[in-house]
Amino acid sequence: MTDPGPRSPSGFRSLGERVIHEGAVFSVVVGEFETPDGRVVQRDIVRHPGAVCVVPVVGDDVILVRQYRAAADREMLELPAGKRDVPGEAPETTAERELIEEIGYSARSLVQLATFYNSVGFSDEYSYVFLATGLTEARTDRQGPEEEHMTIERRPLSSIPGAIDSQEIEDAKTVIGLMAALRHLGR
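Q: So what's going on with the overall build of the protein chain? Residues and values would help.
A: Within the protein chain, the secondary structure is distributed over 4 helices and 10 strands. Along the protein chain, helices and strands appear, N-terminal first, in the series β-β-β-β-β-β-β-α-β-β-α-β-α-α. With respect to the principal axes defined by its C-alpha atoms, the protein chain has extents near 55 × 35 × 30 Å. Burial statistics for the protein chain: of 187 residues in total, 41% are counted as buried. If you take every contact in the protein chain between residues at least 6 apart in sequence, the share linking residues at least 24 apart comes to 55%. Within the protein chain, one finds 20 positive and 31 negative side-chain charges whose respective centroids are separated by 3 Å.

Here it is as structure tokens:
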């Protein structure tokens, strides 16, 4: 367990945590917390280094990837994205790296559209969403079997609300990123 932290404004205080699983993508800890009324409770928490996702726009189109996701056991239509697994790397740098790795484009302009916790009920994963424009071709550098087998799909921006409504696009970071991009672009 780590040392107790200060009380939050709501009166909760972290008493520490112990690692119960250390994986390649995340770790799982059991945290112990003191409630405002003095009770001690435990919570399972997924620790994650964070992620970026990128909305690559070319003219009136967006570039998406379709890749297998083991947790859902199916292919998902998503924005290019990746884990912030290089210590000290700026989110913009991670976004540019992931854009090149996954779809083979580099961006002249990256604009941060949003940040969010993916599922704060059990995880500390924090994501950054960027709009990428001024794309130029670069050499892809796909990492891992899912990326090696992914396909790239170019879709009209005007088709995105319908793809979300029909549940063709169900991934949360993709929905958030696309909706933020449409708003930013005034569409």
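Back to the write-up after that little detour.
Q: Give a detailed account of the environment of Gln112, specifying residues and quantitative values.
A: Relative to the elements of secondary structure, Gln112 occurs in strand β8 (residues 105-117). For Gln112, a relative accessible area of 40% translates into the label partly exposed. Residues Gln112 and Asp165, 53 residues apart in the sequence, show an inter-C-alpha distance of 25 Å. With sequence-adjacent residues up to four places away left out, Gln112 is seen in contact with Glu92, Tyr128, Val129 and Phe130.

Q: Would you mind going over the side chain of Ser106 in detail, with residue names and values included?
A: When you line up the elements, Ser106 lands in strand β8. With residues up to four places along the chain from it excluded, the contact list for Ser106 reads Glu96, Leu99, Ile100, Gly134, Leu135, Thr136 and Ala138.

Q: Give me the lowdown on the pairing of strand β2 (residues 27-34), citing residues and values where you can.
A: In terms of residue burial, β2 counts as a mostly covered element, since 6 of its 8 residues are buried. Strand direction decides the pairing type here: strand β1 (residues 13-22) and β2, joined by 8 bridges, are antiparallel. Residue pairing across strands places Arg13 opposite Glu34, the latter belonging to β2. Relative to strand β3 (residues 40-47), β2 is paired through 8 bridges, and the arrangement is antiparallel. Across the sheet, Phe33 pairs through a bridge with Val41, a residue of β3. Turn length for the β2-β3 hairpin, with the two strands adjacent in sequence and antiparallel, is 5 residues, and the turn residue Gly38 shows positive phi of about 95°.

Q: Mind laying out the sheet that holds β3, listing which residues take part and the relevant values?
A: Sheet architecture is open: 3 strands sit in the order β1-β2-β3, paired in antiparallel fashion. Of all strands in the sheet, those with a lone pairing partner are β1 and β3, marking the two edges. Mean inter-strand twist for the sheet, computed between neighbouring axes without regard to direction, equals 25°.

Q: Before we move on, could you go through the packing of aromatic side chains and cite the residues and values that matter?
A: All told, the structure shown has 2 aromatic pairs when counted by the stated rule. Measuring from ring centre to ring centre gives 4.9 Å for Tyr117 and Tyr126, while their planes differ by 65°; the resulting arrangement is edge-to-face. Overall, Tyr117 belongs to the partly exposed group, its relative accessible area being 49%. For Tyr126, a relative accessible area of 27% gives the class partly exposed. Among the aromatic side chains, those forming a connected cluster through ring pairs are Tyr117, Tyr126 and Tyr128.

Q: An account of the pattern of salt bridges is requested, with residue identities and associated values reported.
A: Per the stated rule, a full pass over the model turns up 18 salt bridges. Here Arg66 and Glu168 are joined by a salt bridge, their closest N and O atoms 3.7 Å apart. Remark: Glu168 occurs in the loop between α3 (160-165) and α4 (172-184) and Arg66 occurs in strand β5 (residues 61-69); sequence separation between them is 102 residues. Among the salt bridges present, the one from Glu89 reaches Arg97, with a minimum N-O distance of 2.6 Å. Assessed through its relative accessible area of 14%, Glu89 is described here as buried. Overlapping salt bridges bring together Asp85, Glu89, Arg97, Glu98 and Glu101 as one network.

Conventions and cut-offs
- Residues numbered from 1 in each chain as written.
- Predicted model: local features only at pLDDT ≥ 70, side-chain atom pairs only at ≥ 80, totals over all residues.
- Heavy atoms only, no water.
- Helix = DSSP H or I, 4+ residues; strand = E, 2+ residues; numbered from the N terminus.
- Buried < 20%, exposed > 50% of the residue type's maximum accessible area, 1.4 Å probe, protein only.
- Contact = heavy atoms within 4.5 Å.
- Lys, Arg positive; Asp, Glu negative; His and termini not counted.
- Charge placed at Lys NZ, Arg CZ, Asp CG, Glu CD.
- Pairing = 2+ DSSP bridges.
- Axes fitted to C-alpha atoms, helices over the stretch in contact; angles between N-to-C directions.
- Phe/Tyr/Trp six-rings, centres within 6.5 Å; stacked < 30°, edge-to-face > 60°.
- Salt bridge = Lys/Arg side-chain N within 4 Å of Asp/Glu carboxyl O.

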